[in-house]
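Here's the letter readout for the chains.
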Amino acid sequence: MARAKPPEAEPDRDAAANASFRRQVMFWLTTGVVFILFLLVFSSILLPFVAGMVLAYFLDPVADKLESFGMSRLAATITILIAFVVSFVLALMIIVPILATQLAGFAANLPAYLAQLQSLVTNLDPAWLERTIGVKSDSLREALSTLITQGAGFLTGLFQSLWTSGLALINIGGLLVVTPVVAFYMLLDWDRMVATVDNWIPREHLGTVRRLATEINLSTAGFLRGQGTLCIILGVLYAVALTAAGLNFGLLIGLVAGLISFVPYIGSLVGLVLSVGVAFVQFWPDWIMVAIVAGIFFAGQFIEGNILQPKLVGRSVNLHPVWLMFALFAFGSLFGFVGLLLAVPAAAAVAVLVRFALSRYLESPMYRGHDPVIVPVRRPD
């Protein structure tokens, strides 16, 4: 006859499970706090290392593809990094001087452009302005002057911040040397590192952790690889189209609009406002050219949403635009440029973990309570 289980066995088991859960929560909270403190303390020197890791993560599928063609991992890594360094150096030699010239010219002409825009708006028919907008031309002129002054101050501060950041990047010793070296070793040992981390996972939770890691990887890879490629293509399309349309500083505006398109809706909006503003000053009263410049960005949005986004990014990102923008601004504010590089993986990880915790909560007795007895209801004839 089977021996009856003592009544205190169930409470002991529940207590042990609760204690194990508390230990896990404390462990991961402590790990998170230590990681954040590490970033805060060493953020000034982490850029080449984080950039190297991001570069290795970005190029790992290319290395896997070359391995499938019969190349060794070492040969594939050397080939990829040589090609990347050559492309980067050529870009620095050809594109960067042109962009620097256009940036200096744009900054020098910005006050004149703003003044001409103000003149164009305020020289419209005063009666039409008062009848349509409900304000007098004098009031509109004063409001525009204030807005332009504030906008010019903001742009001046932005350019100074970018220049300061650029100097900070230059002053980091060996950035252009350390990043390729870090990327080389990370790319060479990527699969081995993933296997090592996989061996550290507790066997009891191996399936759950692997599933969560796969979801985080899909979101991160979809954004960094897919969206990164999309931004480069958009930047080239905008730059070529605006330059072909004859817009002043079209190369600069197009590349900037494309490269900042990783922030949802911001890149196209900034590019549209800048290009249309320059087009008004340059082509007025030729409405056709202004419409062509605006049409370039509307066409770019159509190509992005209907062709590039489904092909390159797909639905694997699963990151809400508002959450992504918050993560970019928050991490950028806390950790600078290093934070921008870490924002997308962190946002993807938090989103996946929150969805996992929510699914567990919805399946738990805390949400469902005691399962009610379901009595079938017979429909009336």
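Residues numbered from 1 in each chain as written. Predicted model: local features only at pLDDT ≥ 70, side-chain atom pairs only at ≥ 80, totals over all residues. Heavy atoms only, no water.

If you check an unreviewed UniProt entry, the chain appears there as AI-2E family transporter from Aquibium pacificus. In UniProt, the chain has this text filed under Sequence similarities (unreviewed entry): "Belongs to the autoinducer-2 exporter (AI-2E) (TC 2.A.86) family." Under the Subcellular location (unreviewed entry) heading, UniProt states for the chain: "Cell membrane". (UniProt positions renumbered as here; feature names shortened; annotations may be inferred.)

**Q** Mind showing me how you'd approach the overall build of the chain here?
**A** When you go through the chain residue by residue, the secondary structure sums to 14 helices and zero strands. Looking at the chain residue by residue over its 381 residues, the buried ones come to 29%. With an accessible surface of roughly 24,500 Å², the chain has 72% of that area assigned to carbon and sulfur atoms. (Helix = DSSP H or I, 4+ residues; strand = E, 2+ residues; numbered from the N terminus. Buried < 20%, exposed > 50% of the residue type's maximum accessible area, 1.4 Å probe, protein only. Areas by Shrake-Rupley, 256 points an atom, 1.4 Å probe, with all protein chains shown as cover.)

**Q** Help me out: how do you make sense of helix H2 (residues 47-68) in this one?
**A** The end-to-end C-alpha separation of H2 is 32 Å, in line with the 32 Å expected for 22 residues at 1.5 Å each. Bending of H2 peaks at approximately 45 degrees at the position of Leu59, with proline Pro61 no more than four residues after it. Along H2, the residues that are buried comprise Leu47, Pro48, Val50, Gly52, Leu55, Ala56, Tyr57, Leu59, Asp60, Ala63 and Leu66. One or two steps after H2, the chain reaches Gly70, where phi turns positive at roughly 105 degrees. (Expected span 1.5 Å × (residues − 1). Bend = angle between axes of the 7 residues up to and from the residue.)

**Q** Would you explain the pattern of salt bridges in this entry?
**A** Close approach of charged atoms allows side chains of opposite charge to pair. What the rule picks out here adds up to seven salt bridges. Put simply, Asp189 and Arg192 hold a salt bridge, and the shortest N to O gap is 3.2 Å. Since its relative accessible area comes to 57%, Arg192 is described here as exposed. Between Glu215 and Arg211 there is a salt bridge whose closest N-O contact spans 3.6 Å. Linking Glu215 with Arg211, this pair stays in helix H8 (residues 206-244), spanning four residues, or about one helical turn. With a relative accessible area of 29%, Glu215 lands in the partly exposed category. (Salt bridge = Lys/Arg side-chain N within 4 Å of Asp/Glu carboxyl O.)

**Q** Whenever I open this one, the packing of aromatic side chains confuses me. Can you help?
**A** Remark: the centre distance and the inter-plane angle together describe each pair of aromatic rings, the angle taken between the planes. With the rule as written, the count across this model stands at five aromatic pairs. Look at Phe184 and Tyr185: their rings are 5.2 Å apart centre to centre, the planes differ by 80 degrees, and that puts the pair in the edge-to-face class. (Phe/Tyr/Trp six-rings, centres within 6.5 Å; stacked < 30°, edge-to-face > 60°.)

**Q** Explain the UniProt feature "transmembrane region" (unreviewed entry) in the chain here, please?
**A** Within the UniProt annotation, "transmembrane region" (unreviewed entry) is assigned to residues 25-58, 78-100, 169-188, 230-256, 262-280, 287-303 and 323-356. Segment residues 230-256 splits into 81% helix and 0% strand. End C-alpha atoms: 13 Å apart. The distance from the first to the last C-alpha atom of residues 287-303 is 24 Å, and the span holds 100% helix and 0% strand.

**Q** Can you walk me through the packing of H8 against helix H13 (residues 337-363) in this structure?
**A** Geometry of a packed helix pair, given as the angle between the helix axes and the separation of the axes. It is at 9 Å that the axes of H8 and H13 come closest, and there the two elements cross at 140 degrees. Classed by the angle they form, the pair H8 and H13 counts as oblique. Our pair here, H8 against H13, has a crossing hand that is right-handed. Between H8, through Thr208, Arg211, Leu212, Glu215, Ile216, Ser219, Thr220, Phe223 and Leu224, and H13, the contact on the second element is made entirely by Val344, Pro345, Ala348, Ala349, Val352, Leu353, Phe356 and Arg360. Partitioning the contact of H8 with H13 into residue classes produces eleven nonpolar, three polar and three charged. (Axes fitted to C-alpha atoms, helices over the stretch in contact; angles between N-to-C directions. Parallel < 35°, antiparallel > 145°, perpendicular 65-115°, else oblique. Left-handed = near helix turned anticlockwise from the far one by under 90°. Contact = heavy atoms within 4.5 Å. Nonpolar A, V, L, I, M, F, W, Y, C, P; charged D, E, K, R; others polar.)

**Q** Looking at this model, I keep getting lost on the environment of Val270. Mind explaining?
**A** One can find Val270 in helix H10 (residues 266-283). Look at Val270 and you get partly exposed, because its relative accessible area is 31%. Linking Val270 and Val256, residues 14 residues apart in sequence, is a C-alpha distance of 8.7 Å.

**Q** Would you mind showing me how to read the nonpolar core here?
**A** In globular proteins that are soluble, nonpolar side chains generally tend to be buried together. Among the nonpolar cores identified, the biggest contains 28 residues, and Leu59, Ile80, Leu187, Leu324, Leu328 and Val344 are the most heavily contacted of them. Contacts of Leu59, omitting those with residues within four sequence positions, involve Ile80, Leu81 and Leu187. Counting residues in hydrophobic clusters, the runner-up holds 26 residues, among them Val278, Phe283, Val290 and Ile296. (Core = buried A, V, L, I, M, F, W, Y, C linked by side-chain atoms within 4.5 Å.)

**Q** Teacher, can you tell me more about the packing of H2 against H13 here?
**A** Two numbers describe how H2 lies on H13: the axes approach to 9 Å, and their chain directions differ by 30 degrees. Classified by the angle between their axes, H2 and H13 sit roughly parallel to one another. In the crossing of H2 with H13, the sense of the turn from one axis to the other is left-handed. Residues Leu47, Val50, Ala51 and Val54 of H2 touch H13, and the partners they reach there are Phe337, Val338, Leu341 and Leu342. Partitioned by chemical class, the residues of the contact of H2 with H13 number eight nonpolar, no polar and no charged.

**Q** Explanation requested: the side chain of Arg73 in the structure shown.
**A** With respect to the secondary-structure elements, Arg73 resides in helix H3 (residues 73-122). You can call Arg73 buried: its relative accessible area is 11%. In terms of polar contacts, Arg73 uses its side chain to reach the side chain of Asp60, at 2.7 Å. A polar contact is formed between the side chain of Arg73 and the side chain of Glu67, at a distance of 2.9 Å. In this structure, Arg73 is in contact with Asp60, Ala63, Asp64, Glu67, Leu187, Leu188, Trp190 and Asp191, ignoring residues within four places of it in sequence. (Polar contact = N/O pair within 3.5 Å; in protein donor to acceptor, adjacent residues only side chain to side chain.)

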